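Residues per chain are reported as follows:
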Amino acid sequence: DAGVTQSPTHLIKTRGQQVTLRCSPISGHKSVSWYQQVLGQGPQFIFQYYEKEERGRGNFPDRFSARQFPNYSSELNVNALLLGDSALYLCASSLSPTGSNYGYTFGSGTRLTVV
Amino acid sequence: GDSVTQMEGPVTLSEEAFLTINCTYTATGYPSLFWYVQYPGEGLQLLLKATKADDKGSNKGFEATYRKETTSFHLEKGSVQVSDSAVYFCALTFFGNEKLTFGTGTRLTIIP
């Protein structure tokens, strides 16, 4: 079975540009979450979607937005990129809305570099 | 707010040594606890979990016991291998909550 797949794997953008990152969850998983991992730190929660509805939002500015499609795949959009947005962006999927029982399965991430 | 504190790294051990990576948490209530591992250039892999007090999670020779009285979830392995070299993250979440809260990670290097 395919795991959580993310695209692209690497991306270089210029300050002020916009970026879209994509995620396909494990088949049967209806919950998708996004995390930002800055170098040397633990991942920070950005969003969670379940059944196409936003279930949670972390402490990130409105430049960050996301959505989930009918096939449960998801996109993360970041507008007006800043140098500080450079990070590994991780997508995670889960069977349940919260992941407290089953845990989350993470993708390999998209490495975003803003120059 | 909820938080996870991990042992400062990096940690360097010789092959076959005993490993302990400390993790303590601060939270209101009783969270589910996880250890994730991140190998170089990869995403996070779930290593083990425990959902209630006194539960022991185990996988690939690693173990961790949920200690409510000390709010801890220390990771242990009796004999480490070079292939265990990675960054280890302790994390928590609550039923009804949507997010994982991670520690800062502990980099482990095993030398032959």
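For the structure given in this document, a descriptive report is provided here. Just so it is clear, the structure is predicted and the values come from calculations on it, not from any experiment. (Residues numbered from 1 in each chain as written. Chains lettered and ligands numbered in written order. Predicted model: local features only at pLDDT ≥ 70, side-chain atom pairs only at ≥ 80, totals over all residues. Heavy atoms only, no water.)

## A few points about the sheet that holds strand β7 (residues 56–59) of chain B
Residue and element names in this part refer to chain B.
Moving on, step 1. Read from one edge of the open sheet, 4 strands run β3-β9-β8-β7, paired in antiparallel fashion. The sheet is open, and its two edges are formed by β3 (19–21) and β7, each paired on a single side. Across the sheet, the mean angle from the axis of one strand to that of its neighbour is 15 degrees, orientation sign disregarded. (Pairing = 2+ DSSP bridges. Helix = DSSP H or I, 4+ residues; strand = E, 2+ residues; numbered from the N terminus. Axes fitted to C-alpha atoms, helices over the stretch in contact; angles between N-to-C directions.)

## Regarding the side chain of T65 of chain B
All names here are of chain B.
Moving on, step 1. With respect to the helices, strands and loops of the structure, T65 is situated in strand β8 (residues 62–65).
Moving on, step 2. Residue T65 is classed as buried on the basis of its relative accessible area, which comes to 16%.
Moving on, step 3. Apart from the residues within four sequence positions on either side, T65 is in contact with D54, D55, K56, S72, F73 and H74. (Buried < 20%, exposed > 50% of the residue type's maximum accessible area, 1.4 Å probe, protein only. Contact = heavy atoms within 4.5 Å.)

## What to know about the pairing of strand β5 (residues 32–38) of chain B
Residue and element names in this part refer to chain B.
Moving on, step 1. Among the 7 residues of β5, 7 are classified as buried, and the element is accordingly described as predominantly covered.
Moving on, step 2. Burial of the side chains of β5 extends over both faces: S32, F34, Y36 and Q38 are buried on one face and L33, W35 and V37 on the other.
Moving on, step 3. Strand direction decides the pairing type here: β5 and strand β10 (residues 86–93), joined by 7 bridges, are antiparallel. Note that in β10 the partner of W35 across the bridge is C90.
Moving on, step 4. Where β5 meets strand β6 (residues 44–50), 6 bridges bridge the pair, whose relative direction is antiparallel. Among the inter-strand pairings, F34 is bridged to a residue of β6, identified as K49.
Moving on, step 5. Where β5 folds back onto β6 in an antiparallel hairpin, the turn is made up of 5 residues, including G41, whose phi is positive at roughly 75 degrees.

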